[in-house]
Amino acid sequence: MTAVLTGEKLAIHGGKKAVPDGLIRKWPPIDDLDRKMVLASLEGATHSFGPNCEKFQEEFAAWNGNRYAVTTNSGTAALHMALVACDCGAGDEVIVPAYTWSSSATCVMQHNCIPVFVDIDFDTMNIAVEKIEAAVTPKTRAIIVVHLHGLAVAMDKVLELAKRHNLKVIEDCCQAHGAKYRDRKVGTWGDCAAFSFNQNKCLCSGEGGMFVTDREEMLQKARSLWSFGETRTPSEKRDYHVYAMGWMYRNNDLTAAFGRAQLTRLDSYLRIQRENARLLTECLADVPDLILPREPEGHEHNWYNYTLRFAMDRLGHAQDAPAFRDKIVRALQAEGVQTGVWQAFMLPAMTVFQAKNGYGQGCPWSCPHARPVDYSVEQFPAAQRHCETHTGMTTPLRAPNGPEAVRATAAGIRKVLENLDQLEAVK
Ligand SMILES: Cc1ncc(COP(=O)(O)O)c(C=O)c1O
């Protein structure tokens, strides 16, 4: 039985918090293996790309089911490498979802290519696969699919379309470690993929990332910009000659040691996350005016981010949805619910795209190889509705948190949603 909390004084008005201070434990859990491996690296002789980096590549490739992996200093670096692996060059268009993390699209401009946005599907929050084809032009070279919040995109449909139009497929798996579509892990469907290991990610090494592929020629191309364009592995002898346009995207040994230690527990972290998400969904199923995230048939979510949306039309707040959402979020936070608004803007609405000025003088859009593109936001109604109505959470569902943290979080959400009348007085 779920308690009805109508009439209870909200914490934002001085009532008792639903989630007691200190109940939600921080992410990620640190144990003796983390300490041992990081300290051993510290005592070692190589602090740049070292033995832990080599091992991290092998172990991550084995965990995910890829032939090759290259460890990087960020997920964004791995995405940029993916563009190069796919032969994307000046003026080429790359299809990207209108709602995602900024660098799913800015990585495209980093290689002088042009992002072309496609609206999301409101239900899954991922790219609307059926709308991709209309965005394909003779200039299109690749599609970046983002498995947002840890829910895989329906990859069979994307691959079929990519094959018909001779396009490469890059998977942005930065939020989606271990997520599956039709029993197959993300990062094994497309031509190549990028993972992130930053603070919030399901595999955290502080900062860092991984480029993965099964294709040797893609590995070589990606590596060509990874280490100053020197086209060699760090274990090979240097000839200090730059063969290609290069960046410095290598990882370092301390970070890789931390990542390796965390990787030994990744499967158990993901199991806990899935159990917590299942329980949260069960606890919130009958809360009014709440749109819960779904796990469609054939998908295995990793629940990186449990995203709630509010039915603003039913609540009578269709016209002032973002302001009312912000009030709800402030009330939730006052209850101790660890939620926040991750990204309130769709990408095409962001200044860099509206101004079309990446490198100055209109580049890369003013490049003679580029075709004009339209970033007017009216083309993306589902992304807009999502931006105005969502809030999300990560830590309460992460290990070592369990049923107690989840039930308290659910109680806080229920309390606010059943007492929305009390929000009218909130500024
Ligand atoms: C979907 C997505 N793509 C790319 C990135 C970039 O990863 P990083 O912060 O490691 O560069 C992130 C995370 O920040 C992300 O969530």
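A quick note: this is a predicted structure, and the numbers were derived from the prediction, not measured.

Calculation criteria
Sequence order as written defines residue numbering, which begins from 1 separately in each chain. Given that this is a predicted model, residues contribute local features only at a pLDDT of at least 70 and side-chain atom pairs are listed and counted only at 80 or more, while totals for whole chains, interfaces and linings are drawn from all residues. Hydrogens and water are ignored here; the side-chain numbers use all heavy atoms of the structure. We treat two strands as partners when DSSP finds at least two bridges between them. What counts as a helix is a DSSP run of H or I of at least four residues, what counts as a strand is a run of E of at least two, and both are numbered from the N terminus. Each axis is a line fitted through C-alpha atoms, taken for helices only over the stretch in contact, and angles between the N-to-C directions span 0 to 180 degrees. Only heavy atoms enter the contact rule, under which two residues are in contact if any of them lie within 4.5 Å. A 1.4 Å probe that fits but cannot get out identifies a cavity on a 1 Å grid over protein atoms alone, an open set with protein on both sides within 12 Å along at least five of seven lines counts as a pocket, and a residue lines either if it has an atom within 4 Å of a point. Grid points are joined across faces, edges and corners, and a volume is the space filled by probe spheres set on the points. In this scheme, roughly parallel covers angles under 35 degrees and roughly antiparallel covers those over 145, while 65 to 115 is roughly perpendicular and the rest are oblique. We call a crossing left-handed when the near helix sits turned anticlockwise from the far one by less than a right angle, and right-handed when that turn is clockwise. Throughout, the ten residues Ala, Val, Leu, Ile, Met, Phe, Trp, Tyr, Cys and Pro are labelled nonpolar, Asp, Glu, Lys and Arg are labelled charged, and all others, Gly among them, are labelled polar. The rule is simple: take the accessible area with a 1.4 Å probe, protein chains only, and divide by the maximum for that residue type; under 20% is buried, over 50% is exposed, in between is partly exposed.

1. Quick word on the sheet that holds strand β5 (residues 168-172)
Ordered by their spatial adjacency, 7 strands build an open sheet running β1-β9-β8-β5-β4-β2-β3, and the pairing between neighbours is mixed. Both edges of this open sheet fall to β1 (68-72) and β3 (114-118), since each of them pairs with a single strand only. Between one strand and the next, the sheet's axes are offset by a mean angle of 20°, whatever the strand orientation. In this structure, strand β2 (residues 93-97) lies alongside β3, joined through 5 bridges in parallel fashion. Note that in β3 the partner of Glu93 across the bridge is Ile114. Where helix α2 (residues 51-64) meets the sheet, it contacts β1, β8 (192-196) and β9 (209-213), and its direction lies at approximately 130° from that of β1.

2. Quick look at the layout of surface pockets
Estimates place the volume of the largest pocket at around 460 Å³. Taken together, 29 residues line the largest pocket, and the ones lying closest to its centre are Gln175, Asn200, Lys201, Tyr304 and Trp342. In terms of residues, the lining of the largest pocket owes the most to one element, helix α3 (residues 75-85), which gives 3 residues.

3. Re the packing of helix α8 (residues 266-284) against helix α12 (residues 403-417)
Viewed as axis vectors pointing N to C, α8 and α12 meet at an angle of 30°, and their least axial separation amounts to 9 Å. In this view, α8 runs roughly parallel relative to α12, as classed from their interaxial angle. The handedness of the crossing between α8 and α12 comes out as right-handed. Two secondary-structure elements touch here, α8 through Asn276, Leu279, Leu280, Cys283 and Leu284 and α12 through Pro403, Val406, Arg407, Ala410, Ile413 and Arg414. Of the residues that constitute the contact of α8 with α12, the class distribution is 8 nonpolar, 1 polar and 2 charged.

4. Section: the pairing of β8
Counting buried positions along β8 yields 5 of 5 residues, so the element is predominantly enclosed. Across the two faces of β8 the burial is the same, with Cys192, Ala194 and Ser196 and Ala193 and Phe195 all buried. With 5 bridges joining them, β8 and β9 adopt antiparallel strand pairing. Residue Ala194 lies in a different strand from β9, and its bridge partner there is Phe211.

5. Focus on the packing of α3 against helix α6 (residues 216-226)
For any two helices packed against each other, the geometry comes down to the angle between their axes and how far apart the axes lie. Viewed as axis vectors pointing N to C, α3 and α6 meet at an angle of 125°, and their least axial separation amounts to 8 Å. Between α3 and α6, the angle is such that the two are oblique. Every pair of crossing elements has a handedness; the one defined by α3 and α6 is right-handed. Residues His80, Met81, Val84 and Ala85 of α3 form the contact with α6, whose participating residues are Met218, Lys221, Ala222, Ser224, Leu225 and Trp226. Looking at the contact of α3 with α6, its residues break down into 7 nonpolar, 2 polar and 1 charged.

6. Description of unusual backbone geometry
Backbone torsion omega between Trp27 and Pro28 reads -5°, so that peptide bond is classified as cis. By the secondary structure assignment, Pro28 is in the segment before α1 (32-43). Residue Pro400 follows Ala399 across a cis peptide bond; omega there is 5°. Following the sequence through the fold, Pro400 ends up in the loop between β13 (390-393) and α12. Although it is not a glycine, Met125 sits at a positive phi angle of roughly 70°. Structurally, the position occupied by Met125 is in the loop between β3 and β4 (140-146). With relative accessibility at 4%, the residue Met125 sits in the buried group. Although it is not a glycine, Trp303 adopts a positive phi angle of roughly 60°. Assignment of secondary structure puts Trp303 in the loop between β11 (299-300) and β12 (306-310). In this structure Trp303 comes out as buried when scored by relative accessible area, which is 7%.

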